[in-house]
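Structural description and commentary
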Amino acid sequence: MTVNILAFGIAKEILGNRMNSMPFITGLSVEGLKGELEQRYPRLQELTSFMIAVNGEYAGAGIVIKPGDEIAIIPPVSGG
Amino acid sequence: MIDVAIFSTPLNISPCIDWVMSPESGGIDVFIGTVRNVTKGKKVVQLEFEAYEMMALSEMKKIAGDILMRWPVHKILIHHRTGVLNTGDIPVVIAVSAAHRDAAFEACRYAIDTLKQTVPIWKKEVFEDGEVWVAAHP
């Protein structure tokens, strides 16, 4: 099983694609996911910060990823 | 009433103002963001805006909803662009109508300040000798 991970802005350049996938890990929290992503894509650690959104909402560190969730990497926003 | 939207085509200011206008309003405050030709002394060739659209719209709705709870405003509109923009182009329009100007000014300021902090939209500055995602790195 895999989870789909959307990446935007600088994160899209680091991961290489807007749409990415990673093996699903049962019980993985948002904090754990951030760690996994930083391992796979070390350049994420160079960012000022990045957030994770789950199903279109900013997700706290303890939220657990479920199969089918829409995950997004949100680097520092800069709209306006 | 709320109107939030994201466009890949140029924003038109005057329909935005028309939309917030209402007979009970005594004032309209409008913020128009425009693409500046220089950043930190370097000439900007163009800007590229990218959005996580579904979440950006939901965060823009939250901002507009918060404003309706906090200030006595009548209508609030937030429109944002995506795609490639050149100097003088308009990435964002915010318009607020209210019975009195204090609420309109404060709400408009809150809308643009909060949008810049929470709405998942990203801006890449393209210079003559390179490009950079704004705020990405310390």
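Not measured: the values here are computed from a predicted model. (Residues numbered from 1 in each chain as written. Chains lettered and ligands numbered in written order. Predicted model: local features only at pLDDT ≥ 70, side-chain atom pairs only at ≥ 80, totals over all residues.)

Each helix and strand counted, chain B has 3 helices and 9 strands in total. Its helices and strands taken in sequence order, chain B reads β-α-β-β-β-α-β-β-β-α-β-β from the N to the C terminus. Against the globule reference of 14 Å for 138 residues, chain B gives a C-alpha radius of gyration of 16 Å, in line with a compact fold. By residue count, 36% of the 138 residues in chain B fall in the buried class. (Helix = DSSP H or I, 4+ residues; strand = E, 2+ residues; numbered from the N terminus. Rg over C-alpha atoms; globule rule 2.2 N^0.38 Å. Buried ≥ 20, exposed ≤ 12 C-beta atoms within 10 Å, placed from the backbone.)

Membership of the largest hydrophobic core comes to 58 residues, with the highest contact counts inside it found for I73(A), I78(B), V96(B) and A111(B). Those residues in contact with A111(B) that sit more than four places away from it in its chain are I63(B), I67(B), I76(B), I78(B), I94(B) and V96(B). (Core = buried A, V, L, I, M, F, W, Y, C linked by C-beta atoms within 7 Å. Contact = placed C-beta atoms within 7 Å.)

This next bit is on the packing of helix α2 (residues 53-70) of chain B against helix α3 (residues 101-118) of chain B. Residues and elements named next belong to chain B. One way to put it is that α2 packs onto α3 with a least axis distance of 10 Å and a crossing angle of 150°. Classified by the angle their axes make, α2 and α3 are roughly antiparallel. Note on packing geometry: the crossing formed by α2 with α3 is right-handed. Along the contact surface, α2 presents E59, M60, I63 and I67, while α3 presents A107, Y110, A111, T114, L115 and T118. Broken down by class, the residue content of the contact of α2 with α3 amounts to 7 nonpolar, 2 polar and 1 charged. (Axes fitted to C-alpha atoms, helices over the stretch in contact; angles between N-to-C directions. Parallel < 35°, antiparallel > 145°, perpendicular 65-115°, else oblique. Left-handed = near helix turned anticlockwise from the far one by under 90°. Nonpolar A, V, L, I, M, F, W, Y, C, P; charged D, E, K, R; others polar.)

Moving on to helix α2 (residues 30-40) of chain A. Residues and elements named next belong to chain A. Three or more residues of α2 are buried, namely V30, L33 and L37. In an axial view of α2, the angular spread of the buried residues amounts to 55°, which keeps them on one side of the axis. Exposed residues pointing more than 90 degrees away from the buried face of α2 are listed as G35 and Q39. On its buried side, α2 packs onto β3 (51-54) and β5 (71-74). (Arc of directions from axis to C-beta.)

Read these as spatial facts, not as claims about activity.
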